[in-house]
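Given next are the chains, with one letter for each unit.
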Amino acid sequence: MVMQKDVFWKAGLFTLVVFISGVLLGYFLESNRVDEIREEYRNVETQWADAKIQSSFYQLMTPSFCEESIKENLNFADRVYREGLKLEEYEQSNRITKEILYDKERYVLLKLEFWINSVYLKDKCKTNYTNLIYFYAQNPSLEQKGEQDSQALILKDLKNKHGAELMLIPLPIDLNIATISILRDAYNIDDVPALLINEKIKLDGVQSIEEIENVIKDGM
Amino acid sequence: MDFITGVYLFFIFVSLYVSFLFILIYFKNRDDLYKYELMKKLPSISVLIPAYNEEESIKETIESVKNLEYPKELIEIIAVNDGSKDRTLEILKSINGIKILSKENSGKADSLNKALEIAKGEIIAINDADSFPEKDAFLKMVYYFKDEKVGAVTGSVFVKNRNNLLEKLQSIEYMMIAFGRKLFEYIDSVFVTPGALSMYRKSALMEVKGFDSNNLTEDIEIAWNLLSKLYKVKMCLAAKTYTIVPSNFKLWWRQRLRWDIGGFQTLNKYKHAMFRNKYGVLGGFVVPFFSSYVLLSFIGFFISLFMIARRITVEGFSFYNSYFNDADLFRIEEFHLIPNVFTFFGIFLFFVFLTYTAIGLKMVNKEKQNIGKTNMLIYLLFYLMLTPILLIHSIYRMLIGKLQW
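For clarity, every value in this text was computed on a predicted model and none was experimentally measured. (Residues numbered from 1 in each chain as written. Chains lettered and ligands numbered in written order. Predicted model: local features only at pLDDT ≥ 70, side-chain atom pairs only at ≥ 80, totals over all residues.)

## Here we look at the overall build of chain B
Here's step 1: Per the secondary structure count, chain B includes 13 helices and 8 strands.
Here's step 2: For 405 residues, the compact-globule formula gives about 22 Å, and the C-alpha radius of gyration of chain B, at 23 Å, lands near that figure.
Here's step 3: Considered along the principal axes of its C-alpha atoms, chain B spans approximately 80 × 45 × 45 Å.
Here's step 4: Each of the 405 residues in chain B was classed as buried or not, and the buried ones make up 41%.
Here's step 5: When contacts within chain B are restricted to residue pairs at least 6 apart in sequence, long-range pairs at least 24 apart make up 79% of them. (Helix = DSSP H or I, 4+ residues; strand = E, 2+ residues; numbered from the N terminus. Rg over C-alpha atoms; globule rule 2.2 N^0.38 Å. Buried ≥ 20, exposed ≤ 12 C-beta atoms within 10 Å, placed from the backbone. Contact = placed C-beta atoms within 7 Å.)

## Here's the deal with the confidence of the model for chain A
Here's step 1: Looking at chain A as a whole, the pLDDT averages 83, with 91% of positions reaching at least 70.
Here's step 2: When mean pLDDT is taken per element in chain A, strand β3 (residues 194-197) of chain A scores highest with 93 and helix α2 (residues 65-93) of chain A scores lowest with 75. (pLDDT = per-residue confidence, 0-100.)

## Structural notes on the nonpolar core
Here's step 1: Counting 96 residues, the largest nonpolar core has L48 and A223 of chain B as the members making the most contacts within it.
Here's step 2: Per element, the largest residue contribution to this core is 9 residues, and it comes from helix α1 (residues 3-29) of chain B.
Here's step 3: If we skip the residues at most four places from it in the chain, A223 of chain B touches A152, V190, F191, V192, T193 and V233 of chain B.
Here's step 4: Ranked by size, the runner-up nonpolar core spans 33 residues in total, among them F76, A77, Y134 and I189 of chain A. (Core = buried A, V, L, I, M, F, W, Y, C linked by C-beta atoms within 7 Å.)

## Comments concerning the interface of chain B and chain A
Here's step 1: The partner chain A presents 35 residues to the 36 residues of chain B that form the contact.
Here's step 2: Within the residue set of the side of chain B that touches chain A, elements represented by two or more residues are α1, α10 (280-324) and α11 (341-364) of chain B.
Here's step 3: Sort the elements by how many residues they give to the side of chain B that touches chain A and α1 of chain B lands first, with 10 residues.

## Observations concerning the pairing of strand β8 (residues 232-243) of chain B
The side chains of a regular strand alternate, residue by residue, between the two faces of the sheet.
All names here are of chain B.
Here's step 1: The element β8 is extensively covered by neighbouring structure, given that 11 of its 12 residues are classed as buried.
Here's step 2: Where strand β5 (residues 131-133) lies against β8, 3 bridges are found, and the strand directions are antiparallel. From the neighbouring strand, F132 faces β8, where its bridge partner is Y242.
Here's step 3: Strand direction decides the pairing type here: strand β6 (residues 150-159) and β8, joined by 9 bridges, are parallel. Counterpart to F158 in the pairing with β8 is Y242. (Pairing = 2+ DSSP bridges.)

## Examining the packing of helix α6 (residues 165-185) of chain B against helix α12 (residues 373-383) of chain B
Residues and elements named next belong to chain B.
Here's step 1: For the pair α6 and α12, the least separation of the axes is 10 Å and the interaxial angle reads 80 degrees. When the interaxial angle is binned, α6 and α12 end up roughly perpendicular. When α6 is examined against α12, the residues K168, L169 and I172 are found in contact with a partner set consisting of N375, M376, I378, Y379 and Y383.
Here's step 2: Class assignment for the residues of the contact of α6 with α12 results in 6 nonpolar, 1 polar and 1 charged. (Axes fitted to C-alpha atoms, helices over the stretch in contact; angles between N-to-C directions. Parallel < 35°, antiparallel > 145°, perpendicular 65-115°, else oblique. Nonpolar A, V, L, I, M, F, W, Y, C, P; charged D, E, K, R; others polar.)

## A closer look at the sheet that holds strand β4 (residues 123-126) of chain B
Backbone hydrogen bonds hold the strands of a sheet together, and the pairing may be parallel or antiparallel.
Residues and elements named next belong to chain B.
Here's step 1: Pairing within the open sheet is mixed, and its 8 strands lie in the order β3-β2-β1-β4-β7-β6-β8-β5. Edge positions in the open sheet fall to β3 (99-103) and β5, since each of these has one partner strand only. Within this sheet the neighbouring strands show an average axis-to-axis angle of 30 degrees, counted without direction.
Here's step 2: Note: β4 against strand β7 (residues 198-201), 4 bridges, orientation antiparallel. By the bridge assignment, A125 is partnered in β7 with M199.
Here's step 3: Packed onto the sheet, helix α4 (residues 108-118) meets β1 (45-51), β2 (75-82), β3 and β4 and runs at close to 140 degrees relative to β2.
Here's step 4: Set on the sheet, α6 makes contact with β6 and β8; between it and β6 the angle comes to about 155 degrees.

## Notes on the pairing of β6 of chain B
Residues and elements named next belong to chain B.
Here's step 1: Burial analysis of β6 places 9 of its 10 residues in the buried class, the great majority of the element.
Here's step 2: Direction of pairing for β6 relative to β7: antiparallel, over a ladder of 3 bridges. Of the residues in β7, the one forming a bridge with A152 is Y200.

Structure follows, in structure tokens:
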């Protein structure tokens, strides 16, 4: 019997076809997800622009601008939070396309702007909703990752419990964004996870629901 | 794309290549797997049976060899007592019609070489003292020697003792090995001639100066040696023998360490053949294939170990913090499967492997042994997973120079 040499190159050919198809399929799927998230961002950005104009409009034209602006802000806050969770999931599953990081930076900037607007509204309208900023690391150490996983679950429960009364804004501290650096210095944030409640109280390390609720209650 | 993703993709590529190679070989030759022809003029055979402390099986083994359907005048049985401390020699002396060679314990390879010196047959058959060939095994195998380039022929080795779980798992494994080895034959790459049942052209054995007594797996080394001299090594799936396998985990582990270390010794001895044409298929496929196998197993094991350790550390910190902050320790809704490139390849390769195993068992398990779905699952999900751990243990044993058994 003659050695069947042809199977070597045929196997190579099949492998190339399946491998390239698989990689392309994976790339297509991930690109679709990136496109989907970009589309969501665009919607969020448009909504945010709309919310800002509405806010300005209410300030200029109507005496009851607070109520409407806050309502818009809270709706927007919920949406930003939900989109944030989706983004995290997509980011973790993408293996080939890592370009999502750039979009994340834009997203973080949007969240920062939104937060500052919330602070302004709270001050102007003397409302009692809570701003809770959750500082985490994009590239954490193993210990930080474990702590962040635990804190994220706790905050998710807290958010579910308090709904729109709580504006939960997660911010990564290790992205190359100047405002984040300013915030870190201003609030002395050296380690993560850390929480900033109503721009006044900083909590380091993992906090339970009860601890956070107590701090919010005491601070009011 | 990060480093780990790159390594995974490389693994996938190699796995796909090997899978397609075997699938193609199978589909091209599936009607010929059991094909054999009978020789009109049969050669003389010397059957060498090395034995070390084999009092429990030696008599039955020799009886099964004596009962082979092969002209008695053409068969010479040489039993080698390798310094046994039990009744092996005494039993051998009570058996008529065999030659007995008794010596100090010096290992299997040396025993075979000593027997080779007095063997008269044109063909040398090796039959372990705990292996029992089917009656027509030799008749089916010798035909291959019609081709002058064939230096060795091996048969299918199956498990005789299938009582406990470990033995049943080995039974599945041996069937898959037989199937895989037959597929290797079509690319002239049979890389081992197991002592349970193998035949050699005596002149070829003499040319390579017999078995390497410094190697723990003389049956792998001799096959590579013959390949390096451009001899062909064939596999007759229809020729069957039944062997006794380790019944407990400790013995099984020791056996596998010996196989792995012997394999490493052989790989090291023939590494110079890598990609060199003058060594034929040994340099073109066998050495690169096994080098890649060892390297990938090694890298794969450490990457898996790293990922598992990383995961355990993260989960440990998360568990600790959740516990002390009254949060849920585990939440099923937090697990989301978002498909990525590895999901497709993972599912694809899993089904390819499952299909390969199913085809292999269907082709080889002609006696319809009851394998059992649970045993099959344990074999696929746990038994095979021990392979890289064994490799690492073998490398460790080699590094510390602990090669004795």
